Amino acid sequence: MTSPSANVTDVVFDFCGVLIDWQTRACLEGRYPQVVVDRICADNDPCGFYDYEDRMDHGEDFEDIYPDVVREQGEEIAEIFRDYIERYDDALPRMIPNMEQLLRDLKAAGYGVWGLTNWSHETFHFAFERFPQLGELLQGTIVSGVEKMHKPNADIYELALNRFNLRPESSVFFDDTAKNVTGAQAVGMYAFHFTNADQARRDLKSLGMDF
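This report concerns the structure included in the present document. In this text the structure is predicted, and so the values were computed from the model without any measurement. (Residues numbered from 1 in each chain as written. Predicted model: local features only at pLDDT ≥ 70, side-chain atom pairs only at ≥ 80, totals over all residues. Heavy atoms only, no water.)

In this structure, Phe13, Met99, Leu106, Trp119, Phe174 and Met209 are the most contacted members of the largest nonpolar core, which totals 59 residues. For this core, the element with the highest residue contribution is helix H5 (residues 75-86), accounting for six residues. In contact with leucine 106, other than residues within four places in its own chain, are Val11, Phe13, Tyr111, Val113, Leu204, Met209 and Phe211. Membership of the second largest hydrophobic core comes to 17 residues, among which are Trp114, Ile156, Tyr157 and Leu159. (Core = buried A, V, L, I, M, F, W, Y, C linked by side-chain atoms within 4.5 Å. Buried < 20%, exposed > 50% of the residue type's maximum accessible area, 1.4 Å probe, protein only. Helix = DSSP H or I, 4+ residues; strand = E, 2+ residues; numbered from the N terminus. Contact = heavy atoms within 4.5 Å.)

Structure follows, in structure tokens:
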């Protein structure tokens, strides 16, 4: 077994877009008219799905948000949103290619491997149910909807550092959202914008990590 770098001991990963492929469209296609699916999944979020999910990621309960969905979007879209949340595992079609192996390689080399995600406390369980290997590989995970803290605010990174007993100067964070990378850097962590597993390996090796 290889000894960890003298400088870096732990790597913290975001979930959706880093460890897990998250696709709202994958949950809806084939169940609803394509024109409806395309509208819901449009980048400008005309049906508010991503905004309502963000509220859940902040710790709000679905049943508290649902009346707003009905009022703002109408009964038909609201019922599709309910169905989407109830079948959330269908929006998680796969792990990001080669990320499971990266986690395994890091652990085998003696590095700590952790999770830090903006995710609802009501749907996060689907991640570990669909991909039980994540429960095996990650030594702990901070979930925004549980903690009622949210990236990129400093408090959630500091909570992760304290709970996992990490030092910021020896920890690396990966996220696919630029502002969350900046948030981690602001508390003293190394942090990289995630694009794919091969680039993540190169980023880690650039810090002198040996795995």
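Right, let's get into the packing of helix H4 (residues 62-73) against H5. With their axes 7 Å apart at the nearest point, H4 and H5 run at an angle of 150 degrees to one another. For the element pair H4 / H5, the angle class is roughly antiparallel. For the pair H4 and H5, the crossing hand works out as right-handed. Judged by residue contacts, Phe62, Glu63, Tyr66, Val69, Val70 and Gln73 of H4 engage Glu75, Ile77, Ala78, Glu79, Phe81, Arg82 and Ile85 from H5. For the contact of H4 with H5, the per-class residue count stands at eight nonpolar, one polar and four charged. (Axes fitted to C-alpha atoms, helices over the stretch in contact; angles between N-to-C directions. Parallel < 35°, antiparallel > 145°, perpendicular 65-115°, else oblique. Left-handed = near helix turned anticlockwise from the far one by under 90°. Nonpolar A, V, L, I, M, F, W, Y, C, P; charged D, E, K, R; others polar.)

The next subject is the layout of surface pockets. Considered as a void within the structure, the largest pocket measures approximately 470 Å³ in volume. Elements with a contribution of two residues or more to the lining of the largest pocket: helix H3 (49-57) and helix H11 (178-186). By residue number, the principal contributor to the lining of the largest pocket is H3, which donates four residues. When the residues that make up the lining of the largest pocket are grouped by side-chain class, the tally is five nonpolar, five polar and eight charged. (1 Å grid on protein atoms, 1.4 Å probe; cavity = no way out; pocket = protein on both sides within 12 Å on 5 of 7 lines; lining within 4 Å. Points joined across faces, edges and corners; volume = space filled by probe spheres on them.)

Turning to helix H12 (residues 197-206), a few remarks are in order. Within the span of H12, buried status applies to Ala197, Ala200, Asp203 and Leu204. Looking straight down H12, one finds that the buried residues subtend no more than 115 degrees of arc, so they occupy a single side. Buried residues in H12 make contact with strand S1 (10-13), helix H6 (99-108), strand S6 (171-175) and strand S7 (190-193). Of the residues that open H12, the one with a side-chain oxygen 3.1 Å from the backbone nitrogen of aspartate 198 is asparagine 196. Backbone geometry just downstream of H12 places glycine 208 in the positive-phi region, at approximately 90 degrees. (Arc of directions from axis to C-beta. Polar contact = N/O pair within 3.5 Å; in protein donor to acceptor, adjacent residues only side chain to side chain.)

This part is about the pairing of S6. Put simply, side chains in a regular strand alternate between the two faces of the sheet. Most of S6 sits inside the fold, with five of its five residues counted as buried. By the bridge criterion, four bridges tie S1 to S6 in an arrangement that is parallel. Looking at the pairing, valine 12 lines up with phenylalanine 173 of S6. Bridge count between S6 and S7: four bridges; the pairing is parallel. When the bridges of S7 are listed, phenylalanine 174 appears paired with phenylalanine 192. The parallel pair S6 and S7, bridged by H11, forms a crossover whose chirality is right-handed. (Pairing = 2+ DSSP bridges. Right-handed = clockwise from strand over helix to strand, strands pointing away.)

On to the side chain of aspartate 57. Its location among the elements puts aspartate 57 in helix H3. There is no salt bridge for the buried aspartate 57, and the closest opposite charge comes from lysine 151, which lies 8.7 Å off by N-O distance. Engagement of the side chain of aspartate 57 in a polar contact is seen with the backbone nitrogen of serine 120, the distance being 3.0 Å. Not counting chain neighbours up to four residues away, the residues in contact with aspartate 57 comprise Asn118, Trp119, Ser120, Ser144, Gly145 and His150. (Lys, Arg positive; Asp, Glu negative; His and termini not counted. Salt bridge = Lys/Arg side-chain N within 4 Å of Asp/Glu carboxyl O.)

Under the defined criterion, the tally for this structure stands at 19 salt bridges. Residue aspartate 175 pairs with lysine 151 through a salt bridge whose shortest N-O separation is 2.7 Å. Note that aspartate 175 is positioned in strand S6 and lysine 151 in the loop between helix H9 (144-147) and helix H10 (154-163), a separation of 24 residues in sequence. Residue aspartate 175 is classed as buried on the basis of its relative accessible area, which comes to 1%. When salt bridges with common partners are traced through the structure, they connect Arg55, Glu60, Asp68, Arg71 and Glu72 into a single cluster.

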